[in-house]
Each structure stands twice: as structure tokens, then as C-alpha cells.
Amino acid sequence: MKIKLLILAIFSSVHFLYAKHPQWSEYYVTPEMFGCVSDNWQAAEQNSQGLQKAIDCAIEKGLTLVSARNKKYYIAKGLIITGHFDMDFGKATIIATDTMSMLTFKNGIARKYAGSIRNFRLDMNDEAKIGINCENAIKLRFTDGEIVGIKKGGVGFYMGKGYEVFVDNIHFRGGQNNATGIMMRTSDCHFSDCVMINCHTAIDNLGCNFYCRIHAWMTAPFIKESTFYRSRGGLAYLSQCFGDTFDCAFDIVGTSELHISQFRVFHNRIMWKEPYDKLSPVVFYFANNSIANKSYITLIDSNIGGLVLDGKNRQIFTNMDSNSIHQYGTVVHK
């Protein structure tokens, strides 16, 4: 019996010594493997080259690009993704130091899954033109991230061509007039559970897309001419969204079909400054009578709060006398 136990122990030891241990380089790549340096703006050019090499390696070998929350990578030029790409960045931050599109995706192939981008933080740093630029993306997912420092004229998330892109649990933060959170120029994309702070235009949409639980709000310096949702035309669905202290909730500049359910308009009165007689926020603003009459809008189970200042509601429901807005179970505060 003792001999059997001894043989078993020897066999186990030999197996342990010669068994192949996992090589993490077969599963993951990190920016540091390609010369990137954290928390050093002087390394921006070096980091641009290193991160691009890391991305290309991950695409070629089917690996995941990873990092850690305490890492900050300054970059001098944008990064380009051309194939299936998975990134789980551990909330590490990429910081722009010049005008650029920070992450450009050109990996749209029909009926082929393009990957997942998660746990990331992009700081546009009032420098970058676009945070995420989907020139052509299909079957791609973005989740658990932040896009901050959106500058005047800048766009946090841009989608030009493609479809079936899913964006969820993303925080957007502007801070300058004419900063845009989401700009869509294609159809069949899905956004959910996003928070948007001081994005002068929260959503600028052209095409058939879906928005669920988008909470966008403004602070005093950026309210003037701000817009929660600009519709340039097409069909869109909005569910359980929240427009907080915007000058205009829906700016309809092209013939649109909108189906809006459980929407909430709210005004934080302390954000609105005197003189009150010059304030006139509007819920639905149509560019002209033709667009108003050709559009079709349903407003279901929603609560449209007013803006009562000095005893008067300063908000108007719509700027056009039209039959295009159909209300069901909706409360509009006078």
C-alpha cells in the first residue's frame, strides 16, 4: 500500500512539473507590452504607436486588450480598428492631446460579429473632434464606459455607416456649447442606460434607431439653445428617457416618425436665470409647417413638466399648430 502511494506521489509531482502552465500572452495583451507609458503626456506619440501596435496584435492573434484603472495613456493621434477587436480596459483612461478621432472603427462586415469594447474611459480633453468614430461598424458592442471632455463642435459617439451596434451604460460629459453626445447617420442601432451631462445636443439622429433609459441634463451655463433630441428625419423609438432642463426637448428639423413612451420633461428651476420674461423653452419645435404636418409623433404614458417662474409657465408645448402629435395617457403640465 505504501509503495502504491509513493508511486502515485511521484507521478503527481512529475505531472505538476511538466504540465504546461497557462501563458497569459496567449490570451491578453497590454499597452505596456508595446512600449506605452502611463501618466506621462510627453509620451503621447510613443503611446499612439504602442497602442496601435497592441490593437493590431490583438486583432491578428484574437487576443483581448486589457489594462488597469490607475493607468492613463496620453495619445497624439487617433487609433484605428480594422478587424474583430475585444477590449476590456479596466477603466483605464485614454487622453487626447490634439484634434483627432480617438477610436475609429472600420470593421463592418455583414453577418460577422465585430467584438466588444468595455470598461473604458476616453477623455477628449477639449481637444479631440470625435471620441468614438464608427465609420463602418456592424455587430459591435460598447459597454461600461465614459466619454468626457467633449469640446465645442465635438461629438462623443459618431455612427456614420453600418448597423446592429449596441451602446449601453456609457456616461457622456460635455462642458462647452455645441458639444454633441450621440450623432447617428445610419439605422438599426440601440442605445440604453446612458447618462449625458452638459451635452448641448444630447442626441442628433438621422435614421431608424432605438433609445432606452437615456437621462440627459444641463447646468446653467449651457442651457441656452440646448436640445435633448434632434430629429433630422426617419423613424425612432424612445422609451423611459429623461430630458432634464433643456431649452428644447425635441427639435424636429426633418420629416420624422417618433414613438415616445414614458418620457419625462423636468426643469431644475434654480438653473434658469433672470430675466424670466426672455425664457421660452419648448417641448416640440418644428423647423416649419411642412415638416410639422408631415411628421407623426406618439407620446405615450409620459409626464411633461412645466417651468413655472414668477407664477407663470414659461414653457410652451409646441411652436406649430399641428395634428402631428398624438397623446395617450400623457400629462402635460400647464
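These figures come from a predicted structure and were not determined experimentally.

For the rest of this paragraph, the subject is the environment of L258. Within the fold, L258 resides in strand β19 (residues 256-261). The sequence separation of L258 and K294 amounts to 36 residues, and the corresponding C-alpha distance is 12 Å. Among all residues touching L258, those that are not within four sequence positions of it are Y229, S231, A236, F250, I252, Y296, I297 and T298.

With that settled, consider the state of the cysteines. Scanning all chains against the criterion turns up 0 disulfides. No disulfide involves C194; its nearest neighbouring cysteine sulfur is the one of C241, lying 9.5 Å away. C194 sits in the buried class, given a relative accessible area of 1%.

Evaluated as defined, the whole model comprises 15 aromatic pairs. With a centroid separation of 5.2 Å and an interplanar angle of 90°, the aromatic rings of F105 and F142 are classed as edge-to-face. In this pair, F105 is assigned in strand β6 (residues 101-106) and F142 in strand β8 (residues 130-148), connecting sequence segments 37 residues apart. You'll find F105 and F142 in the same group, each marked buried. Seen in terms of ring centroids, F228 and F246 are 5.9 Å apart; in terms of plane orientation they differ by 80°. Their pairing is edge-to-face.

Time to look at helix α2 (residues 44-61). Across its 18 residues, α2 extends 25 Å between first and last C-alpha, which sits within 8% of the 26 Å expected from 1.5 Å per residue. Of all the positions in α2, only A44, N47, S48, G50, L51, Q52, A54, I55, C57 and A58 are classed as buried. Looking at the buried positions of α2, the neighbouring elements they touch are β1 (28-29), β2 (64-66), β3 (72-75), β4 (79-81) and β5 (85-96).

With that settled, consider the side chain of H267. Within the secondary structure, H267 is located in the loop between β20 (264-266) and β21 (282-286). With residues up to four places along the chain from it excluded, the contact list for H267 reads T245, F246, W272, P281, G305, G306, L307 and Q315.

Within strand β18 (residues 248-252), 5 of the 5 residues are buried, which leaves the element mostly enclosed by the surrounding structure. Taken together, the 4 bridges between strand β15 (residues 227-231) and β18 define a ladder with parallel strand orientation. In the strand pairing of β18, S231 is matched with I252. As defined by bridge partners, β18 adjoins β21 across 4 bridges and the pair is classed as parallel. Of the residues in β21, the one forming a bridge with C248 is V282.

Another point: the environment of N303. Tracing the sequence through the fold places N303 in strand β23 (residues 303-304). Residue classification places N303 among the partly exposed residues on the basis of a relative accessible area of 28%. Setting aside residues up to four positions removed in sequence, N303 forms contacts with F263, R264, V265, V331 and H333. Reaching out from N303, the side chain makes a polar contact with the side chain of H333 at a distance of 3.2 Å.

A few words on a nonpolar patch on the surface. Residues Y296, I300 and Y328 make up a contiguous nonpolar surface patch of roughly 260 Å² in combined accessible area. Following the sequence through the fold, Y296 ends up in strand β22 (residues 296-300).

Conventions and cut-offs
- Residues numbered from 1 in each chain as written.
- Predicted model: local features only at pLDDT ≥ 70, side-chain atom pairs only at ≥ 80, totals over all residues.
- Heavy atoms only, no water.
- Helix = DSSP H or I, 4+ residues; strand = E, 2+ residues; numbered from the N terminus.
- Contact = heavy atoms within 4.5 Å.
- Disulfide = S-S within 2.5 Å.
- Buried < 20%, exposed > 50% of the residue type's maximum accessible area, 1.4 Å probe, protein only.
- Phe/Tyr/Trp six-rings, centres within 6.5 Å; stacked < 30°, edge-to-face > 60°.
- Expected span 1.5 Å × (residues − 1).
- Pairing = 2+ DSSP bridges.
- Polar contact = N/O pair within 3.5 Å; in protein donor to acceptor, adjacent residues only side chain to side chain.
- Patch = residues over 30% accessible without salt bridge, like charges linked within 9 Å, V, L, I, M, F, W, Y side chains within 5 Å.
- Areas by Shrake-Rupley, 256 points an atom, 1.4 Å probe, with all protein chains shown as cover.
- Salt bridge = Lys/Arg side-chain N within 4 Å of Asp/Glu carboxyl O.

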